[in-house]
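This is what each chain is made of:
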Amino acid sequence: MKSIRLILLFLVAGSIVACSTGDKGELTGVQGRPQWFHPQPYGTIYIPTGSIHIGANEQDVPMAQVSPNKQVSIVAFYMDETEITNNEYRQFVQNVLDSMVRERLGEQNPETYWITDDETGEHFLNYEAKILPEDVAGNEAIKELYYNQEETYYRMKQIDVRKLIYKYENIDLRSASRLHRKNGYATNRGKYKTVEEEKIYPDTLVFMRDFTYSYNEPMTQVYFWHPKYDDYPVVGVNWNQAKAFCRWRTIYLNSFYNDMEESTVTDFRLPTEYEWEYAARGGRDLNMYPWGGPYVKNAKGCSLANFKPMRGDYMQDGGLYPVKVSSYFPNDFGLYDMAGNVAEWTISAYAESGNMFSHDLNPDYQYDAKADEPETLKRKVIRGGSWKDIAHFINCGTRTYEYQDSANSYTGFRCVMSYVGRSNRDKN
């Protein structure tokens, strides 16, 4: 509601300025527009515009057939300093739960929990209203969010995580760009808008399911919710859930800027696989690992990443399972864990020959497969290798995939945001 009023206000103000600037009929542009500098989101690192060679290292002859070396240019962006942690993802989960509670309470007490637009009659959740205990106690609509008596363990009252569903709008700009070329301005914009629904709670059973004849029940029981693991990378999140998190994070931040009557920022999203590789190399061209050298240990014999250095000896690098983010040295951009710990989802669809047919300007290949499409179309590129992978998979140029609707104990993600404009930190 507030954003709509702001837009109308800007239109009216623009017409007034255009009629009263006294520009003497000269082309001077719209006057009075404020300067704007792209604010750096909390917890992110600025990755400058630049060019780099992507693909397998020249010494890796077999992988060079799958991922040939190629020079590309990448536009600047912000990237999360670390992988998204359990506690950061929990903020998403709790925000969705809070919204679902307010939505149910608003249906019974709209004056408290809803804000109604006087012009359209549309309802918005009132997040400033404090949830009253008397509204929740014994409320049948709220009870529906909990496990029923048959599914309750040890008489504990717990939220039914299957009902934590995040609903959001998605705009298919790629389809719009293709069809607009044919139909021009006659196309209805609503055709490109879809409403997505995603179950967002991580799959906490992945530690047990991923490994046969292996005792990992303690990790299943405590990894996501226990305070001890707050700063560990979230796992058990599939590609669709990671995308939903990015959409929520975008709306969450832009709502703040709207309230401050400031310009909004570009969307948070998953990186393309080539943005990820560019960031992982840290400005060092043709380097095998994010730290630059060809070795996985430094001069003191300390491991530089959390991976599987020896057969059966997971602890040689200091980590048996995933470890706390930023436990190892960052690369030259200041990014942590770009090799090992957990592999990371990218927005890119996996194609064996992706390096060869993609453009050399912001290369990208995306395909959003539907649930009923073949499995091969659901492959999404993951990068960086993980705590259970050998050294080959933590190479900057190594690319592999997981299926978009699958989750496991060794894949997480981090977000990026495209930078608006040109920074003085970019190369001249």
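Here goes a summary of the coordinates provided.

Calculation criteria
- Residues numbered from 1 in each chain as written.
- Predicted model: local features only at pLDDT ≥ 70, side-chain atom pairs only at ≥ 80, totals over all residues.
- Heavy atoms only, no water.
- Helix = DSSP H or I, 4+ residues; strand = E, 2+ residues; numbered from the N terminus.
- Rg over C-alpha atoms; globule rule 2.2 N^0.38 Å.
- Buried < 20%, exposed > 50% of the residue type's maximum accessible area, 1.4 Å probe, protein only.
- Contact = heavy atoms within 4.5 Å.
- Areas by Shrake-Rupley, 256 points an atom, 1.4 Å probe, with all protein chains shown as cover.
- 1 Å grid on protein atoms, 1.4 Å probe; cavity = no way out; pocket = protein on both sides within 12 Å on 5 of 7 lines; lining within 4 Å.
- Points joined across faces, edges and corners; volume = space filled by probe spheres on them.
- Nonpolar A, V, L, I, M, F, W, Y, C, P; charged D, E, K, R; others polar.
- Phe/Tyr/Trp six-rings, centres within 6.5 Å; stacked < 30°, edge-to-face > 60°.
- Lys NZ or Arg CZ within 6 Å of the ring centre and 35° of its normal.
- Salt bridge = Lys/Arg side-chain N within 4 Å of Asp/Glu carboxyl O.
- Pairing = 2+ DSSP bridges.
- Core = buried A, V, L, I, M, F, W, Y, C linked by side-chain atoms within 4.5 Å.
- Axes fitted to C-alpha atoms, helices over the stretch in contact; angles between N-to-C directions.

Things to note about the overall build of the protein chain
At step 1: Of the regular secondary structure elements, the protein chain holds twelve helices and 14 strands.
At step 2: On C-alpha atoms alone, the protein chain measures out to a radius of gyration of 24 Å, which is about the 22 Å that the 2.2 N^0.38 rule sets for 428 residues.
At step 3: The dimensions of the protein chain, computed from C-alpha atoms along their principal axes, are 70 × 70 × 45 Å.
At step 4: Buried positions account for 42% of the 428 residues belonging to the protein chain.
At step 5: Counting only contacts in the protein chain whose residues sit at least 6 apart along the sequence, the fraction spanning at least 24 positions is 71%.
At step 6: Of the roughly 24500 Å² that the protein chain leaves accessible, carbon and sulfur atoms contribute 53%.

Focus: empty space enclosed by the protein
At step 1: A complete count under the given rule lists one cavity of 30 Å³ or more for this structure.
At step 2: Taken as a whole, the largest cavity encloses approximately 50 Å³ of empty space.
At step 3: Around the largest cavity sit Asn86, Pro202, Asp203, Thr204, Val206, Phe207, Met219, Thr220, Tyr223, Phe224 and Val235, which together line it.
At step 4: Those elements that provide at least two residues to the lining of the largest cavity are α8 (206-209) and α9 (217-222).
At step 5: Grouping the amino acids of the lining of the largest cavity by side-chain chemistry returns seven nonpolar, three polar and one charged.

Quick word on helix α11 (residues 273-281)
At step 1: α11 sits mainly inside the fold: nine of its nine residues count as buried.
At step 2: Residues Glu273, Tyr274, Glu275, Trp276, Glu277, Tyr278, Ala279, Ala280 and Arg281 constitute the buried set of α11.
At step 3: Where α11 ends, the next residue or the one after it, Gly282, has phi of about 65°, a positive value.

Some remarks on the packing of aromatic side chains
For any pair of aromatic rings, geometry is given as the distance between the ring centres together with the angle between the planes.
At step 1: One pass over the structure, following the stated rule, counts 30 aromatic pairs.
At step 2: Measuring from centroid to centroid gives 5.3 Å for Tyr201 and Phe224, while their planes differ by 80°, and the two rings are edge-to-face. Residue Tyr201 is located in the loop between β8 (193-199) and α8, and its partner Phe224 is located in the loop between α9 and α10 (239-259); the two are separated by 23 residues in the primary sequence.
At step 3: Geometrically, the ring pair formed by Tyr223 and Tyr229 is tilted, given 5.1 Å between the ring centres and 50° between the ring planes. An identical accessibility class is assigned to Tyr223 and Tyr229; each is buried.
At step 4: An aromatic cluster is present here, built from Tyr89, Phe92, Tyr166, Tyr168, Tyr201, Phe224, Phe245, Trp248, Tyr252 and Phe413 joined pairwise through their rings.
At step 5: Here the guanidinium or amino end of Arg249 rests over the ring plane of Phe268, the centre of that ring lying 4.0 Å away.
At step 6: The cationic tip of Lys388 hangs over the ring face of Tyr410; the distance from NZ or CZ to the ring centre is 4.2 Å.

Focus: the pattern of salt bridges
At step 1: With the rule as written, the count across this model stands at 23 salt bridges.
At step 2: Residue Arg174 is joined to Asp364 by a salt bridge in which the shortest nitrogen-to-oxygen separation is 2.7 Å. Placement of the pair is Arg174 in helix α7 (residues 173-183) and Asp364 in the loop between α12 (354-357) and β11 (379-383), with a sequence separation of 190 residues.
At step 3: For Asp364, a relative accessible area of 23% puts it in the partly exposed group.
At step 4: The partner of Asp267 in a salt bridge is Arg247, and the shortest N-O contact between them spans 3.3 Å. With a gap of 20 residues between them, Asp267 in the loop between α10 and β9 (268-269) and Arg247 in helix α10 connect regions that are remote in the sequence.
At step 5: Residue classification places Arg247 among the partly exposed residues on the basis of a relative accessible area of 22%.

A look at the sheet that holds β9
At step 1: Read from one edge of the open sheet, four strands run β1-β4-β14-β9, paired in antiparallel fashion. Each of the sheet's edge strands pairs with one partner strand only, and the pair in question is β1 (44-47) and β9.

A word on the pairing of strand β4 (residues 77-80)
At step 1: Neither face of β4 is left uncovered, since the one carrying Phe77 and Met79 and the one carrying Tyr78 and Asp80 both have all their residues buried.
At step 2: Direction of pairing for β1 relative to β4: antiparallel, over a ladder of four bridges. Its bridge partner being in β4, Tyr46 is matched across the sheet by Tyr78.
At step 3: Where β4 meets strand β14 (residues 416-418), three bridges bridge the pair, whose relative direction is antiparallel.

With respect to the nonpolar core
At step 1: Counting 40 residues, the largest nonpolar core has Tyr89, Phe92, Tyr166, Ile200, Phe245, Leu270 and Phe413 as its most contacted members.
At step 2: Those elements giving two or more residues to this core turn out to be α3 (86-108), β7 (165-171), α10 and β10 (343-349).
At step 3: With residues near it in sequence (within four places) discarded, Tyr166 still touches Phe92, Val96, Glu196, Glu197, Glu198, Ile200, Ala244, Arg247, Trp248 and Ile251.
At step 4: Listed in part, the 18 residues of the second largest apolar core include Ile47, Trp276, Leu335 and Val416.

Considering the sheet that holds strand β12 (residues 400-403)
At step 1: The strand order across the open sheet formed by four strands is β12-β11-β10-β13, and the pairing between neighbours is mixed. Edge positions in the open sheet fall to β12 and β13 (411-412), since each of these has one partner strand only.
At step 2: Packing against the sheet, α10 makes contact with β10 and β11, and its axis sits at approximately 85° to β10.

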